[in-house]
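Each chain is listed here by its residues.
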Amino acid sequence: MQLEIHAVKIEYPTGCNIILGQTHFIKTAEDLYEVIVTSVPQARFGLAFSEASGPCLIRTEGNDDELVQGCVSALRAIGAGHVFCILLWDAYPINILNQIKLCPEVCTIYCATANPLQVLVASTAQGWGIVGVIDGSPPKGVENDVDRQERHELLRRIGYKR
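As the structure is a computational prediction, the values presented were derived from the model and not from experiment. (Residues numbered from 1 in each chain as written. Predicted model: local features only at pLDDT ≥ 70, side-chain atom pairs only at ≥ 80, totals over all residues. Heavy atoms only, no water.)

Some points on the sheet that holds strand β8 (residues 128–135)
Then, in step 1: Read across the open sheet, the 3 strands follow the order β1-β7-β8; overall the sheet is antiparallel. Each end of this open sheet is capped by a strand with a single partner; those strands are β1 (4–10) and β8. When strand polarity is set aside, the average angle formed by the axes of neighbouring strands in this sheet is 25°.
Then, in step 2: Across 7 bridges, β1 lies against strand β7 (residues 117–123) in antiparallel orientation. Residue pairing for β7: histidine 6 is matched across the bridge by valine 121.
Then, in step 3: Helix-sheet contacts for helix α2 (residues 65–78) involve β1, β7 and β8, and the interaxial angle to β1 is about 165°. (Pairing = 2+ DSSP bridges. Helix = DSSP H or I, 4+ residues; strand = E, 2+ residues; numbered from the N terminus. Axes fitted to C-alpha atoms, helices over the stretch in contact; angles between N-to-C directions. Contact = heavy atoms within 4.5 Å.)

Let's talk about the pattern of salt bridges
Then, in step 1: If you walk through the whole model with that rule in mind, you get 9 salt bridges.
Then, in step 2: In this structure, the salt-bridge partner of lysine 27 is glutamate 105, at a minimum N-O distance of 3.2 Å. Of this pair, lysine 27 sits in the loop between β2 (17–23) and α1 (28–39) while glutamate 105 is found in the loop between α3 (97–102) and β6 (106–113), placing the two residues 78 residues apart along the sequence.
Then, in step 3: Residue glutamate 143 pairs with arginine 151 through a salt bridge whose shortest N-O separation is 2.7 Å. (Salt bridge = Lys/Arg side-chain N within 4 Å of Asp/Glu carboxyl O.)

Re the packing of aromatic side chains
Then, in step 1: Within the structure shown, the criterion is met by 1 aromatic pair.
Then, in step 2: When the ring of tyrosine 33 is compared with that of phenylalanine 45, the centres are 5.4 Å apart and the planes differ by 55°; the resulting orientation is tilted. With tyrosine 33 in helix α1 and phenylalanine 45 in strand β3 (residues 44–50), this residue pair connects regions lying 12 residues apart in the sequence.
Then, in step 3: Using a relative accessible area of 28% as the deciding quantity, one classes tyrosine 33 as partly exposed.
Then, in step 4: Here phenylalanine 45 falls in the buried class, since its relative accessible area comes to 0%. (Phe/Tyr/Trp six-rings, centres within 6.5 Å; stacked < 30°, edge-to-face > 60°. Buried < 20%, exposed > 50% of the residue type's maximum accessible area, 1.4 Å probe, protein only.)

Right, dumping it as structure tokens:
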């Protein structure tokens, strides 16, 4: 059996966050739509889900056409079945990630990020599947006292800590 690994660069709009995961059922698109609109009603988003059987279509939902098309482009580039992509504006993954994890169809979350993203995809004669992601850049050092203080202040300024 021949196995190849590909690094697929995912392009998405600046200022957007992306959530990439694995799921297993056609009702994923509608269920994730409901998760997002009930968790963060003001969010602008697109989502897409690639089927792995039957017609093998990319199913879409969302309230922003540019973000929906961005999800479709990402899933086409990845080329794997049973993958979902969510692109968010006016919301952050932290606002919806736990609810997404609780969605019965969701199996795995690969990443939730606004960083540059590459998806590592394995290919065989059967098809393609995600084996991991490269999210952002490598570490440049270890935080010092000033860095730690800046982190604490940032989290309080944006309302995630008191």
